[in-house]
Protein chains: 2
Amino acid sequence: MKTRDRILVTSLALFNDEGEAHTTTIDIANELDISPGNLYYHFKGKDEIIAELYQQYELAMADTLHAPITAPLGETDGDIEANWYYLYVLFEEMYQYRFLYQNLDDILQRYPDIRRRFKRLVQLKRSALSAICLTLLQQRVLQADEDLLERLVDNLTLTLNYWINYDQLLHTGRDPQVSILQGVLQIMTAISPYLGEDSLNFYEDCREIYQRMMHKEPN
Amino acid sequence: MKTRDRILVTSLALFNDEGEAHTTTIDIANELDISPGNLYYHFKGKDEIIAELYQQYELAMADTLHAPITAPLGETDGDIEANWYYLYVLFEEMYQYRFLYQNLDDILQRYPDIRRRFKRLVQLKRSALSAICLTLLQQRVLQADEDLLERLVDNLTLTLNYWINYDQLLHTGRDPQVSILQGVLQIMTAISPYLGEDSLNFYEDCREIYQRMMHKEPN
DNA sequence: GTCTATACTGTGATAGAC
DNA sequence: GTCTATCACAGTATAGAC
């Protein structure tokens, strides 16, 4: 593994675990057992490392997010399992770059370029969740309820974005896998009451998947 | 106004507008036209200023949050207007100390004491929202749906905590008053589908209050 | 209570040898 | 590509005069 890549991997780990703000270039160099000078040979500074890490994150997310926008998830309409798995993957990808979310406003304030791009990404998340809702709900929501649907999609986007922060705050040290599963359940549950008579069935199916995932987790 | 209080007021303003992480003791002293030495006479350092500001925030919030827990809001059950106003006040109080939410994880990591207390405060928010739900929903939610109710309350707590961040991210520079009104509407909307046959009426009432508040806003 | 001076620290960044 | 050495600077904190 090249030094440049090792710097990226180690930086990401330190940012996630110790917080980006309090990880210095020296910390990174120490962790890698290289000199600060060497680090500066590969990257002009912390800014450049963060820019590169964000680039990685953006590529991965954008790729995933386009899936439900271009084609409905699952073979049959309302395929719960496919949507569950999809949300799980999204949460996982976000969790891998969780340092972004921990000091979000701080980072977005310092890097206006990342701010613009992050905003676009959130809008993309919103579109993806909107597409999922539209297939799940099908024609169920009346035309007049367009606005209601917008509120639901905002609700889901908000949950997707901040759930892990919220859950880890209330349950410090909880296994991240559990947090993520809870997050998926949380989103699915928020959709359920809009499903009319299928509402309870849908919710029960979700809980069942949740239970199943929770118990096979120690793999 | 005593210097000590002026330091607190100015610090809060700077933290909110420029971000806590990048506001130094010197910035605060400059803004007040006093010397850094003078500032250090009143507070041992930035830590102590933050601790004091948090104390203020906690007192105000805890006081407000106990209201619906001890007695239902509104004179009649399901008094929408009273609950609307209540949520509005909560958002406003949080907005006044928004620097806390902008770098939340960073601050909570640096001050373990604040972490514990903030966590308790979120649980208090959760209790308040739970109490509101119970009066609004009354006996509507079946016993079997206890778990569903928990998911709803988590959803509302999450929205209350992060809505302003989310809204300001997607609509940079939007009038905070509008963000807050949207936040209240967002929470009320999330409750509405659980109201059974009153669902649509409730939602329409909320939209009406929202419209009214939006237009009298330029006061 | 408030000021000016100053010292200490950690971090970011570069130059030049190997 | 990697190292050592060193600089510059910002932010924190204190001492002592007024």
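Details of the structure are given in the entry above.
The structure displayed is predicted, hence computed values, not measured ones.

**Here's the deal with the interface of chain B and chain A**
Part 1 of the argument: Of the residues lining the interface, 47 residues belong to chain B; the matching set on chain A comes to 46 residues.
Part 2 of the argument: Buried area between chain B and chain A, both sides added, is near 4,000 Å², and the carbon and sulfur share of it is 56%.
Part 3 of the argument: It is B:Leu158, B:Tyr166 and B:Leu169 that lose the most area in chain B upon contact with chain A, and together they represent 17% of the buried surface on that side.
Part 4 of the argument: In this assembly, chain B and chain A are joined by 2 salt bridges.
Part 5 of the argument: Ionic pairing is found between A:Asp147 and B:Arg207, a salt bridge with its closest N-O pair at 2.6 Å.
Part 6 of the argument: Counting only elements with at least two residues in the side of chain B that touches chain A, the list comes to α1 (3-18), α6 (98-102), α7 (104-110), α8 (112-137), α9 (146-170), α10 (176-191) and α11 (199-216) of chain B.
Part 7 of the argument: Looking at the side of chain B that touches chain A element by element, the count peaks at 15 residues for α9(B).
Part 8 of the argument: Partitioning the side of chain B that touches chain A into residue classes produces 18 nonpolar, 16 polar and 13 charged.

**Considering the protein's contact with DNA strand D**
Part 1 of the argument: Around DNA strand D sit 15 residues in total, of which A:Thr3, A:Asn38, A:His42, B:Thr25 and B:Tyr40 are the nearest.
Part 2 of the argument: At the protein interface, 70% of the atoms of DNA strand D within 4 Å belong to sugar or phosphate.
Part 3 of the argument: Here a phosphate oxygen of DNA strand D and a backbone polar atom of A:Ser35 are 3.0 Å apart.
Part 4 of the argument: Breaking the surface near DNA strand D down by element, the ones donating at least two residues are α3 (36-42) of chain A together with α2 (25-32) and α3 (36-42) of chain B.
Part 5 of the argument: Top contributing element to the surface near DNA strand D by residue count: α3(A), with 4 residues.

**Description of empty space enclosed by the protein**
Part 1 of the argument: Tallying each qualifying case throughout the model produces 7 cavities of 30 Å³ or more.
Part 2 of the argument: Here the largest cavity is characterised by a volume of approximately 130 Å³.
Part 3 of the argument: Together, 18 residues line the largest cavity, and A:Asn155, A:Ala190, A:Tyr194, B:Asn155 and B:Ala190 are the ones closest to its centre.
Part 4 of the argument: Of all the secondary-structure elements, those providing two or more residues to the lining of the largest cavity are α9 (146-170) and α10 (176-191) of chain A together with α9 and α10 of chain B.
Part 5 of the argument: The class makeup of the residues in the lining of the largest cavity is 10 nonpolar, 6 polar and 2 charged.

**Notes on the relation of the copies chain B and chain A**
Part 1 of the argument: Overlaying chain B on chain A yields an RMSD of 0.0 Å, the required transformation being a rotation through 180° with an accompanying axial translation of 0.0 Å. Both copies are brought into coincidence by an operation consistent with a two-fold rotation axis. Scanning chain B for the C-alpha nearest the rotation axis identifies B:Asn103, at a separation of 2.6 Å.
Part 2 of the argument: Taken as a fraction of all interface residues of chain B, those also at the interface in chain A reach 98%, which identifies the copy contact as same-surface.

**Things to note about the packing of α10(A) against helix α11 (residues 199-216) of chain A**
Residue and element names in this part refer to chain A.
Part 1 of the argument: Viewed as axis vectors pointing N to C, α10 and α11 meet at an angle of 175°, and their least axial separation amounts to 10 Å. The orientation of α10 relative to α11 falls into the category roughly antiparallel. Here α10 contributes Val178, Leu181, Gln182, Leu185, Met188 and Thr189 to the contact with α11, which in turn contributes Phe202, Tyr203, Cys206, Arg207, Tyr210, Met213 and Met214.
Part 2 of the argument: Residue composition of the contact of α10 with α11, grouped by class: 10 nonpolar, 2 polar and 1 charged.

**Here we look at the environment of A:Glu81**
All names here are of chain A.
Part 1 of the argument: Mapping Glu81 onto the fold places it in helix α5 (residues 80-96).
Part 2 of the argument: When its relative accessible area of 41% is taken as the criterion, Glu81 is described as partly exposed.
Part 3 of the argument: Separated by 54 residues in sequence, Glu81 and Thr135 have C-alpha atoms that sit 14 Å apart.
Part 4 of the argument: Each residue touching Glu81, except ones within four places of it in the same chain, is listed here: Ile209 and Arg212.
Part 5 of the argument: Within polar-contact distance, the side chain of Glu81 engages the side chain of Arg212 at 3.0 Å.

The rules we used
Residues numbered from 1 in each chain as written. Chains lettered and ligands numbered in written order. Predicted model: local features only at pLDDT ≥ 70, side-chain atom pairs only at ≥ 80, totals over all residues. Heavy atoms only, no water. Contact = heavy atoms within 4.5 Å. Buried area = accessible area lost by both parts, 1.4 Å probe. Salt bridge = Lys/Arg side-chain N within 4 Å of Asp/Glu carboxyl O. Helix = DSSP H or I, 4+ residues; strand = E, 2+ residues; numbered from the N terminus. Nonpolar A, V, L, I, M, F, W, Y, C, P; charged D, E, K, R; others polar. Near = heavy atom within 4 Å. Polar contact = N/O pair within 3.5 Å; in protein donor to acceptor, adjacent residues only side chain to side chain. 1 Å grid on protein atoms, 1.4 Å probe; cavity = no way out; pocket = protein on both sides within 12 Å on 5 of 7 lines; lining within 4 Å. Points joined across faces, edges and corners; volume = space filled by probe spheres on them. Least-squares fit on C-alpha atoms with pLDDT ≥ 70 in both. Axes fitted to C-alpha atoms, helices over the stretch in contact; angles between N-to-C directions. Parallel < 35°, antiparallel > 145°, perpendicular 65-115°, else oblique. Buried < 20%, exposed > 50% of the residue type's maximum accessible area, 1.4 Å probe, protein only.

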